[in-house]
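Read off the chains here:
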Amino acid sequence: MKNTATWYLVEQQDLYHVYTHEQIESLPADSYVIQKVFDTRREALSEMGRLIQLEINDVKTHVDTLTGKHPTK
């Protein structure tokens, strides 16, 4: 029995995507990495947003380090 209500958060070419089970099956197996599996699309998109925000914060910290600025507290 196929679980078609499953949502996959995947990393593909350094970007995050949310795919359905059907969409995941049509992708080449070596073209993505599954980060996490969710029951709802909303949960998957929420986690994708969280991961993107973490990466933004990392870049801000790196830029602040390069420019000599200290992050505001």
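Computed from a prediction, not measured in an experiment: that's the story for all the values here.

(A) Expanded view of the nonpolar core. If you look at the biggest cluster of nonpolar residues, it comprises seven residues: L9, Y16, V18, F38, A44, M48 and L51. The set of elements that each furnish at least two residues to this core consists of β2 (15-20) and α2 (41-67). In this structure, M48 is in contact with L9, Y16, H17 and V18, ignoring residues within four places of it in sequence. Core analysis: the next-biggest nonpolar cluster, separate from the first, contains five residues, Y8, V10, I24 and Y32 among them.

(B) Summary view of α2. The end-to-end C-alpha distance of α2, which contains 27 residues, comes to 39 Å, matching closely the 39 Å that a straight helix rising 1.5 Å per residue would cover. Within α2, burial applies to A44, E47, M48, L51 and D64. Residues of α2 that are buried sit in contact with β1 (7-12), β2 and β3 (33-38). Looking one or two places after α2, you find G68, whose phi comes out positive at around 80 degrees.

About the cut-offs
- Residues numbered from 1 in each chain as written.
- Predicted model: local features only at pLDDT ≥ 70, side-chain atom pairs only at ≥ 80, totals over all residues.
- Heavy atoms only, no water.
- Core = buried A, V, L, I, M, F, W, Y, C linked by side-chain atoms within 4.5 Å.
- Buried < 20%, exposed > 50% of the residue type's maximum accessible area, 1.4 Å probe, protein only.
- Helix = DSSP H or I, 4+ residues; strand = E, 2+ residues; numbered from the N terminus.
- Contact = heavy atoms within 4.5 Å.
- Expected span 1.5 Å × (residues − 1).

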